[in-house]
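The chain contents come next:
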Amino acid sequence: GRSCISGTRVLGFQFMGGPGSGKGTQCEKVVAKYGYTHLSSGDLLRAEVASGTERGKQLQAIMQKGELVPLDTVLDMIKDAMIAKADVSKGFLIDGYPREVKQGEEFEKKIGKPCLLLYVDAKAETMVKRLLKRGETSGRSDDNEETIKKRLDLYYKATEPVIAFYESRGIVRKVDSELPVDEVFSQVCKAIDAL
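Residues numbered from 1 in each chain as written. Predicted model: local features only at pLDDT ≥ 70, side-chain atom pairs only at ≥ 80, totals over all residues. Heavy atoms only, no water.

Looking up the protein chain in an unreviewed UniProt entry gives the name Adenylate kinase isoenzyme 1, with the organism given as Mola mola. A UniProt comment under Subcellular location (unreviewed entry) is attached to the protein chain, and it reads "Cytoplasm". The UniProt entry for the protein chain carries the following text under Subunit (unreviewed entry): "Monomer." (UniProt positions renumbered as here; feature names shortened; annotations may be inferred.)

K.L.:
What is the right way to read the UniProt feature "binding site: ATP" (unreviewed entry) in the protein chain from this model?
P.N.:
Residues given the UniProt feature "binding site: ATP" (unreviewed entry) here are Gly 20, Ser 21, Gly 22, Lys 23, Gly 24, Thr 25, Arg 134 and Leu 179. With respect to the helices, strands and loops of the structure, Gly 20 is situated in the loop between β3 (12–17) and α1 (23–34). Judged by its relative accessible area of 17%, Gly 20 falls in the buried class. Mapped onto the elements of the fold, Lys 23 is located in helix α1. Look at Lys 23 and you get buried, because its relative accessible area is 16%. For Lys 23, the contacting residues outside a window of four places in its chain are Phe 15, Met 16, Gly 17, Asp 95, Gly 96 and Val 120. (Helix = DSSP H or I, 4+ residues; strand = E, 2+ residues; numbered from the N terminus. Buried < 20%, exposed > 50% of the residue type's maximum accessible area, 1.4 Å probe, protein only. Contact = heavy atoms within 4.5 Å.)

Structure follows, in structure tokens:
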């Protein structure tokens, strides 16, 4: 269904996919084609820290300790961002959230039910290869094989229950990310157009 935020009906859907699955590329293509507002919890956190607000300072302290930002804080930031754009946005594409079932349940309580969860699925070895390739040019210190495998393990452990949670609601559409980018995108469009 459609989520209702402060009286404005919005089309909200969630994008999931492991590191190196091609999720980021597909998000960009969806935003360009459909004009949805792209909300990434990571981007929202970084923007809040950069803004130097009281909340930003608290978040920076938590992140510097390597601790996880409280669930409520992330959800409040997503909600604030959605309310701020509710009048002008055609819909919201929420990227990389929820990371766990409890977050999904809280999202539904505070914001509403997403109408679609797009799961960009690639084989683990494909993601490792893509991330290693990215590491050659990105200079990202976390793009080495050992760290990548750890990140993927964590990702699968965390997301399998989340996918199951949304599958029980009948809104998961899996997209095969092993295919060329444009073919993946046509699968994504089919899922969105069917809403």
